[in-house]
Amino acid sequence: FGATPVVVTHAQSSEADWAVARQRGTDAEGMEIALQPEEAAGLLVAGKAGWLAIEQGGGDWDGHAWRAESLDGVTERGAAGALDLAETPAFLASLSSFRGLDAAQARVGDLDASGFSVRAQEDRSRDAEVFHMAESVGFLALTGEGILSAKRVEMPAVVAEFGTALVNQNEATIRLSHDFANPVAFALAPSERGGDPVVARLSEVEADEFSLRLQESSDRDGLHAWETVSWIVMEEGTWTLSDGTLL
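Presented here is an overview of the structure given in this document. Going along each chain's sequence as written, the residues are numbered from 1 onward. Since the coordinates come from a predicted model, pLDDT governs what is reported: local features require at least 70, and pairs of side-chain atoms require 80 or more to be given and counted, while whole-chain, interface and lining totals use all residues. With hydrogens and water excluded, all non-hydrogen atoms of the structure serve as input to the side-chain values.

For the rest of this paragraph, the subject is the overall build of the protein chain. Strands are runs of DSSP state E lasting at least two residues, helices are runs of H or I lasting at least four, and both sets are numbered from the N terminus onward. When its secondary structure is counted, the protein chain shows zero helices and 18 strands. Note on method: radius of gyration uses C-alpha positions; expected globular size equals 2.2 Å times residues raised to 0.38. Against the globule reference of 18 Å for 247 residues, the protein chain gives a C-alpha radius of gyration of 17 Å, in line with a compact fold. Considered along the principal axes of its C-alpha atoms, the protein chain spans approximately 50 × 35 × 35 Å. Each residue is placed in one exposure class: buried if its accessible area under a 1.4 Å probe, protein chains only, is under 20% of its type's maximum, exposed if it is over 50%, and partly exposed if it falls in between. Out of the 247 residues in the protein chain, the part that is buried amounts to 51%. Considering only contacts in the protein chain between residues 6 or more positions apart, those separated by 24 or more positions represent 71%. Working definition of accessibility: Shrake-Rupley area with a 1.4 Å probe, residue cover restricted to the visible protein chains. If you sum the accessible surface of the protein chain, you get close to 10900 Å²; carbon and sulfur atoms cover 48% of it. Under the counting rule used here, the positive set is Lys and Arg, the negative set is Asp and Glu, and His together with the chain ends is not counted. To locate a charge, take atom NZ for lysine, CZ for arginine, CG for aspartate or CD for glutamate. Charged side chains of the protein chain number 17 positive and 41 negative; the gap between the two group centres comes to 4 Å. A contact between two residues is defined here by any heavy atoms of the two lying within 4.5 Å.

So, about the pairing of strand β11 (residues 135-142). The buried fraction of β11 is high, at eight of eight residues. Examined bridge by bridge, strand β6 (residues 64-74) and β11 share seven bridges and lie antiparallel to one another. Each residue of the ladder has a partner; that of Glu69, found in β11, is Phe139. Two elements, strand β8 (residues 90-95) and β11, share six bridges in a ladder whose sense is antiparallel. Note on β11: the bridge partner recorded for Leu92 is Leu140. When DSSP finds two or more bridges between two strands, those strands count as paired.

Turning our attention to the sheet that holds strand β5 (residues 57-61). In spatial order, the strands read β5-β6-β11-β8; together these four strands make up an open sheet with antiparallel pairing. The open sheet is flanked by β5 and β8, the only strands paired with a single partner. Averaged over all pairs of adjacent strands, the angle between strand axes in this sheet comes to 20 degrees, irrespective of strand direction. Here β5 runs beside β6; their pairing, made up of five bridges, is antiparallel. For Asp60, the partnering residue across the bridge sits in β6 and is Ala65. Between N-to-C directions, angles span 0 to 180 degrees; the directions come from axes that are lines fitted to C-alpha atoms, helices contributing only their stretch in contact.

Taking burial as the measure, the nine residues of strand β18 (residues 227-235) include eight buried ones, the bulk of the element. Sheet topology note: the strand β15 (residues 183-188)/β18 ladder contains six bridges and is antiparallel. Of the residues in β18, the one forming a bridge with Pro183 is Glu235.

What follows is about the environment of Val7. Position of Val7 among the secondary structure elements: in strand β1 (residues 6-14). Separated by 85 residues in sequence, Val7 and Leu92 have C-alpha atoms that sit 10 Å apart. In this structure, Val7 is in contact with Gln23, Thr26, Met31, Trp51, Leu52, Ala53, Ser94, Ser96 and Gly138, ignoring residues within four places of it in sequence.

This part is about the side chain of Ser211. Here Ser211 shows up in strand β17 (residues 209-216). Counted as a polar contact is a pair of N or O atoms within 3.5 Å, where, for protein atoms, one must be capable of donating a hydrogen and the other of accepting one, and residues adjacent in sequence contribute only when both atoms are in side chains. Looking at Ser211, its side chain comes within polar contact range of the side chain of Glu204, at 3.3 Å.

The rule is short: rings of Phe, Tyr and Trp, with Trp giving its six-membered ring, pair when the centres are within 6.5 Å, and they are stacked under 30 degrees, edge-to-face over 60, tilted in between. Tallying each qualifying case throughout the model produces four aromatic pairs. Ring geometry for Phe116 against Phe139: centres 5.0 Å apart, planes inclined by 65 degrees, an arrangement best described as edge-to-face. On the criterion of sequence distance, the pair formed by Phe116 in strand β10 (residues 115-122) and Phe139 in strand β11 is long-range, its members being 23 residues apart. Side by side, Phe116 and Phe139 carry an identical accessibility label, which is buried. Ring geometry for Phe210 versus Trp231: centroids 5.6 Å apart, planes at 70 degrees, classification edge-to-face. Taken together, the residues Phe210 in strand β17 and Trp231 in strand β18 connect sequence positions 21 residues apart. For Phe210, a relative accessible area of 1% translates into the label buried. In this structure Trp231 comes out as buried when scored by relative accessible area, which is 6%. Working rule: Lys NZ or Arg CZ, within 6 Å of ring centre, within 35 degrees of ring normal, means a charge sits over the ring. The lysine or arginine in question, Arg22, covers the ring of Phe98, its NZ or CZ lying 4.0 Å from the ring centre.

Shown next as structure tokens:
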């Protein structure tokens, strides 16, 4: 990249039952990514993380307005961001810094066409303290839903499909309208209808479908309210959008 991109990350699999992907040191040439279990488990764990990097900015992607930016100063109290879109978008966000050492993830609220609020939510599996140092959050907002294309070596191709899902603790199958060769899935920043700490868990990511559920930390009862979760499935690789944006 010519400048530091917006990067969102999501745990694809891990040795821990509950894990979030964290990143730090992001610049134009790369970043460090780790998988962090709930606070009660302590240390980092091994596993697989997916990442999506896109140039900061916005534009039109196959008829879908998009905006990708980084927002600083996000704590457990939240921070507000502006969008200026024509409709409420699908919204993917993750912490893009690792200043606070306790496990945390981005939770989004008050999402509409004009903006959103986002906060860093810690789990409470070890203690009730939820104070979190100010983090940066990277986000990608996309209006509508459906198939997205881009170019690799001047060959147009379907590279992504996105949408939103209403899920709770029970596993749901999300069926895709396109078959991917090497899919990388993201489901990030659950809404805040239920206040208990929760992560979106992916499993069985296949060419044309994946499974998605919400999982609370081990100190909770495991039952969670229905939340809206935005998701995107990408074809693995480096791509160029029709407007020249590098992805």
